[in-house]
Amino acid sequence: MSVDSKFSHKIWQEEELSKMVSGGVPYPMLSDQGGRIGTTYGVFDEDMGVNVRGRFIIDPDGVIQAMEVLSPPVGRNVSELIRQIRAFQHTRDTGEVMPSGWRPGKPTLKPTPDVVGHVWEIWKPEMAFE
Amino acid sequence: MSIMIGKQAPDFETEAYFEGGFTKVKLSDYKGKWVVLCFYPGDFTFV
């Protein structure tokens, strides 16, 4: 979603994005002319008149589970986005929690009383970087 | 309405371009699905 019109989105998709991704980006390109929605979400920069790089993960109940906001010069990490979605899906399905550095396939934690004070035996700092 | 994790995402409806046509997208129509809502500064920018 950007402050561009749906017409601009069409041309960008046809002229450039479809050359990066076969068939173009496969999701709706939303128009937020005037920045009304961006203002609601706290990502509209009034001085520049644009929405900055805000990214929200919204669960099936419509609840915000994660948000990230970057200033315009730096792009996002899609792998990290996917990792977070999988983590939130996993905790929603199982009630387990994901320690720092978790990715699919790595150990999760069950938040039970017997783990209190013993996380150090299960999780090591180097696991945050693996 | 304030934005906060654990709280409802504010609903909106707006115009969109999708699959070669113009349409309208309403956030609450996606209840039951995971949604990634991405804002970016502008079409044809570099990053």
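Just so we're clear, the structure is a prediction, and the values are computed from it rather than from any experiment.

Given 3.6 residues to a turn, an α-helix orients residues that are three or four positions apart in the same direction. Along its 17 residues, helix α3 (residues 78-94) of chain A runs 24 Å from first to last C-alpha, staying within 8% of the 24 Å computed at 1.5 Å per residue. Looking one or two residues beyond α3 of chain A, the residue adopting positive phi is Gly 95 of chain A, at roughly 80°.

Bringing the environment of Asp 59 of chain A into the picture now. Mapping Asp 59 of chain A onto the fold places it in the loop between β4 (53-58) and β5 (64-70). Judged by the 19 C-beta atoms lying within 10 Å of it, Asp 59 of chain A is partly exposed. Taking C-alpha positions, Asp 59 of chain A is 24 Å from Gly 35 of chain A, a pair spaced 24 residues apart along the chain. Every residue in contact with Asp 59 of chain A, bar those within four places of it in the chain, is listed here: Gln 65, Phe 88 and Arg 92 of chain A together with Trp 34 of chain B.

Once that is clear, we can look at the confidence of the model for chain B. Within chain B, residue pLDDT values average 95, and 98% of them lie at 70 or more. Taken over the whole predicted complex, pTM reads 0.93, whereas the ipTM for its chain interfaces reads 0.95.

Spatial strand order, β5(A)-β4(A)-β3(B): three strands in an open sheet with antiparallel pairing. What marks the edges here is a single partner per strand, and that holds for β5 of chain A together with β3 (35-38) of chain B. Adjacent strand axes in the sheet meet at a mean angle of 10°, parallel and antiparallel pairs treated alike. By the bridge criterion, six bridges tie β4 of chain A to β5 of chain A in an arrangement that is antiparallel. Looking at the pairing, Arg 53 of chain A lines up with Leu 70 of chain A of β5 of chain A. Contacts between α3 of chain A and the sheet are confined to β4 and β5 of chain A together with β3 of chain B, with β4 of chain A contributing the most and set at about 25° to the helix.

So, about the nonpolar core. What tends to happen in soluble globular proteins is that the nonpolar side chains get buried as a cluster. Ranked by size, the top nonpolar core spans 17 residues in total, and within it Met 1, Phe 56 and Ile 58 of chain A carry the most contacts. Elements with a contribution of two residues or more to this core: β1 (29-30) and β4 of chain A together with β1 (13-18) of chain B. Sorting elements by how many residues they give to this core places β4 of chain A first, with three residues. Beyond its immediate sequence surroundings of up to four residues, Phe 56 of chain A is in contact with Tyr 41, Ile 64 and Met 67 of chain A together with Ala 9 and Leu 37 of chain B.

Residues and elements named next belong to chain A. Turning to its location among the elements, Lys 106 is positioned in the loop between α3 and α4 (119-122). With 11 C-beta atoms packed within 10 Å, Lys 106 lands in the exposed category. Separated by 21 residues in sequence, Lys 106 and Met 127 place their C-alpha atoms 9.4 Å apart.

A few words now on the interface of chain A and chain B. Quite often, the size of an interface is put as the accessible area lost when its parts meet. Taken together, the contacts link 46 residues of chain A with 34 residues of chain B. In terms of residue count, helix α1 (residues 6-20) of chain A provides more of the side of chain A that touches chain B than any other element does, seven residues in total. Of the residues belonging to the side of chain A that touches chain B, the class tally is 24 nonpolar, 14 polar and eight charged. One ladder, built from four bridges, connects β4 of chain A with β3 of chain B; its direction is antiparallel.

Moving on: the sheet that holds strand β2 (residues 21-26) of chain B. Spatially, the three strands line up as an open sheet ordered β1(A)-β1(B)-β2(B), and their pairing is antiparallel. Two strands close off the open sheet at either side, each with one partner strand: β1 of chain A together with β2 of chain B. Judged from the two bridges that link them, β1 of chain A and β1 of chain B form a sheet pairing that is antiparallel. Paired with Met 29 of chain A across the bridge in β1 of chain B is Tyr 17 of chain B. Those strands touched by α1 of chain A are β1 of chain A together with β1 and β2 of chain B, and its axis lies near 25° from that of β1 of chain B.

Reading guide: rules and limits
- Throughout, a residue's number is its position along its own chain's written sequence, starting from 1.
- For naming, the first written chain is A and the first written ligand is 1, with later ones following in the order written.
- In keeping with the predicted nature of the model, local features appear solely for residues at pLDDT of at least 70, side-chain atom pairs appear and are counted solely at 80 or more, and the whole-chain, interface and lining totals rest on all residues.
- Starting at the N terminus, helices and strands are each numbered in turn, a helix being any DSSP run of H or I of at least four residues and a strand any DSSP run of E of at least two.
- Helix span, as expected, comes to 1.5 Å for every residue beyond the first.
- Counting other C-beta atoms within 10 Å of a residue's own tells you its class, since 20 or more makes it buried, 12 or fewer makes it exposed, and anything in between is partly exposed; those C-beta atoms are placed from the backbone.
- Here, residues touch in the contact sense if the C-beta positions derived from the backbone fall within 7 Å of one another.
- Each residue carries a pLDDT score, the predictor's confidence in it, ranging from 0 to 100.
- Pairing between two strands is assigned when DSSP locates at least 2 bridges connecting them.
- Here an angle of 0 to 180 degrees is reported between the N-to-C directions of two axes, which are lines fitted to C-alpha atoms, with helices fitted over the stretch in contact.
- Note on definitions: a nonpolar core is a set of buried residues drawn from Ala, Val, Leu, Ile, Met, Phe, Trp, Tyr and Cys, linked by C-beta atoms within 7 Å.
- In this classification, Asp, Glu, Lys and Arg are treated as charged, Ala, Val, Leu, Ile, Met, Phe, Trp, Tyr, Cys and Pro as nonpolar, and every other residue, Gly included, as polar.

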